[in-house]
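One-letter residues, chain by chain:
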Amino acid sequence: MQFSAPIYALKRKAKLLARQRGIALHEALNDIASGEGFQSWSHLAASSAKESPGQKIMPLLDPGELVLIGARPGQGKTLLGLELAATAARLGRKGYFFTLDYNARDIADHLSHLGMDPGSLHTSLMIDMSDETSASHIIARLMGETDPALIVIDYLQLLDQKRTHPSLNDQIAALESYVRSTGAICAVISQIDRAFDLSGRSMPGISDVRLPNPLDLSMFSKRFFLHEGKVQLDHAA
């Protein structure tokens, strides 16, 4: 059954409802579940226990790959990126999540929505919220790793926002070279142009990636797009 919004968004809606009505969270969750056509939140949760986008994508990631994850706002692309980094151990890797967009509270909330305890992930998931995040910063941060990592960058369009940083194309080329030489996996989260909302299509594609600055998108060996709870793989040509 298709939900009206991603599961994390429904939880957020329930918390707001609980505050507005002055009711317990479990009552608000059940109200939200009822609106989605379920008898209770536990029923809804059981239905949502199918493979998450992260579980679908994880087996498709290969060592030495640079991949793109694109979606419009509110579609769960950051949540997907965090899930990949937090569950990197499934591939025998340490997860790194570099963000130029979120703060520590945001990250903790997102991990909670994934059903993960941020405190229990401190040795397997590294969060970097530095304003200096760029390809060179990321590569330097990983120099001490003895094993290849799974890297998630949030997000593409902010990497060259500082004029002191190299061009976006040069940074992505550096990251591609790094993962190829080390066997790391790097997933870069990307915005999708708002024109997609009026396109009538069910899923964005490579032509919808928002590019304020020139970038050779063929450097990404795989491209994943999310929309309305669905994920689609678009192989690079």
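Going by the structure above, here's the rest.
Note that the coordinates shown come from a computational prediction; the quantities given were computed from them, not determined experimentally.

Engineer: Teacher, can you tell me more about the overall build of the protein chain here?
Structural biologist: The secondary structure content of the protein chain amounts to eight helices and seven strands. Relative to a compact globule of 237 residues, whose C-alpha radius of gyration would be 18 Å, the protein chain shows 18 Å and is just as compact. The dimensions of the protein chain, computed from C-alpha atoms along their principal axes, are 50 × 45 × 35 Å. Each of the 237 residues in the protein chain was classed as buried or not, and the buried ones make up 47%. For the protein chain, the proportion of contacts with a sequence separation of at least 24, taken over those separated by at least 6, is 70%. Across the protein chain, the 24 positively charged side chains and the 26 negatively charged ones have centroids separated by 4 Å.

Engineer: Explain the nonpolar core here, please?
Structural biologist: Note that soluble globular proteins tend to have their nonpolar side chains buried in a common cluster. In terms of nonpolar packing, the biggest core is built from 58 residues, with Leu61, Leu84, Ile151, Leu156, Ile172 and Phe220 touching the most fellow members. Residues in contact with leucine 84, not counting those within four places in the same chain, are Gly54, Ile57, Met58, Leu61, Ile69, Leu150 and Val152. Counting residues in each nonpolar core, the second largest holds eleven residues, with Leu10, Ala28, Ile32 and Ala33 among its members.

Engineer: Explain unusual backbone geometry to me, please; I cannot follow it from the model alone.
Structural biologist: Peptide bonds are trans in most cases, and residues, glycine excluded, mostly fall at negative phi. Residue tyrosine 155 follows aspartate 154 across a cis peptide bond; omega there is 5 degrees. With respect to the element layout, tyrosine 155 can be found in the loop between β4 (150-154) and α8 (168-182).

Engineer: Help me understand the side chain of glutamate 65, please; the structure alone is not making it clear to me.
Structural biologist: Along the chain, glutamate 65 falls in the loop between α4 (53-57) and β1 (66-71). Residue classification places glutamate 65 among the buried residues on the basis of a relative accessible area of 9%. A polar side-chain atom of glutamate 65 sits 3.2 Å from a polar atom in the side chain of lysine 222. Those residues in contact with glutamate 65 that sit more than four places away from it in its chain are Leu60, Val179, Ala184, Ile185, Cys186, Ser221 and Lys222.

Engineer: Can you walk me through helix α2 (residues 25-35) in this structure?
Structural biologist: Considered for burial, the residues of α2 that qualify are Ala28, Leu29, Ile32 and Ala33. An end-on view of α2 places all buried positions within 140 degrees of arc, on one side of the element. One or two residues past the end of α2 sits glycine 37, with phi positive at roughly 95 degrees.

Engineer: Even after reading the chapter, I still don't get the pairing of strand β7 (residues 230-235), so can you show me in this structure?
Structural biologist: Look at any regular strand and the pattern is simple: side chains alternate between the two faces of the sheet. Two strands pair when backbone bridges link them, and strand β6 (residues 222-227) and β7 are joined in this way by six bridges, in the antiparallel orientation. Looking across to β7, one finds that phenylalanine 225 is bridged to glutamine 232. Here β6 folds back onto β7 in antiparallel fashion, the turn holding two residues, of which glutamate 228 has a positive phi close to 50 degrees.

Engineer: Quick question: what am I supposed to make of the pattern of salt bridges here?
Structural biologist: Where charged atoms from two side chains of opposite charge come close, those side chains can pair. Inspection of every chain in the model, using the stated rule, returns ten salt bridges. Between arginine 141 and aspartate 128 there is a salt bridge; the shortest N-O distance is 2.8 Å. With arginine 141 in helix α7 (residues 135-142) and aspartate 128 in strand β3 (residues 125-128), this residue pair connects regions lying 13 residues apart in the sequence. On the accessibility criterion, arginine 141 (30% relative accessible area) is partly exposed. Ionic contacts of the salt-bridge type, sharing partners, join the residues Asp62, Glu65 and Lys222 into one network.

Engineer: Just checking my understanding: could you explain α7 for this structure?
Structural biologist: Each α-helix turn comprises 3.6 residues. Residues three or four places apart therefore point the same way. Among the residues of α7, those classed as buried are Ala135, Ile138, Ile139 and Leu142. The arc that holds the buried residues of α7, viewed along the axis, is 95 degrees, so those residues lie on one side. Facing away from the buried surface of α7 by more than 90 degrees, the exposed residues are Ser136 and Ala140. Each element contacted by the buried residues of α7 is listed here: β2 (95-99), β4 and α8.

Engineer: Before we go on, may I ask you to explain the packing of helix α1 (residues 7-21) against α2 in this structure?
Structural biologist: Two quantities define a packed helix pair, namely the angle between the axes and the distance from one axis to the other. Following both chains from N to C, one finds α1 and α2 inclined at 125 degrees, their axes separated by 8 Å at the closest point. In terms of axis orientation, α1 runs oblique to α2. Our pair here, α1 against α2, has a crossing hand that is right-handed. For the pair α1 and α2, contact is made by Leu10, Lys11, Lys13, Ala14, Lys15, Leu17, Ala18 and Arg21 and by Leu25, Ala28, Leu29, Asp31 and Ile32, respectively. Looking at the contact of α1 with α2, its residues break down into eight nonpolar, no polar and five charged.

Parameters and conventions
Residues numbered from 1 in each chain as written. Predicted model: local features only at pLDDT ≥ 70, side-chain atom pairs only at ≥ 80, totals over all residues. Heavy atoms only, no water. Helix = DSSP H or I, 4+ residues; strand = E, 2+ residues; numbered from the N terminus. Rg over C-alpha atoms; globule rule 2.2 N^0.38 Å. Buried < 20%, exposed > 50% of the residue type's maximum accessible area, 1.4 Å probe, protein only. Contact = heavy atoms within 4.5 Å. Lys, Arg positive; Asp, Glu negative; His and termini not counted. Charge placed at Lys NZ, Arg CZ, Asp CG, Glu CD. Core = buried A, V, L, I, M, F, W, Y, C linked by side-chain atoms within 4.5 Å. Polar contact = N/O pair within 3.5 Å; in protein donor to acceptor, adjacent residues only side chain to side chain. Arc of directions from axis to C-beta. Pairing = 2+ DSSP bridges. Salt bridge = Lys/Arg side-chain N within 4 Å of Asp/Glu carboxyl O. Axes fitted to C-alpha atoms, helices over the stretch in contact; angles between N-to-C directions. Parallel < 35°, antiparallel > 145°, perpendicular 65-115°, else oblique. Left-handed = near helix turned anticlockwise from the far one by under 90°. Nonpolar A, V, L, I, M, F, W, Y, C, P; charged D, E, K, R; others polar.

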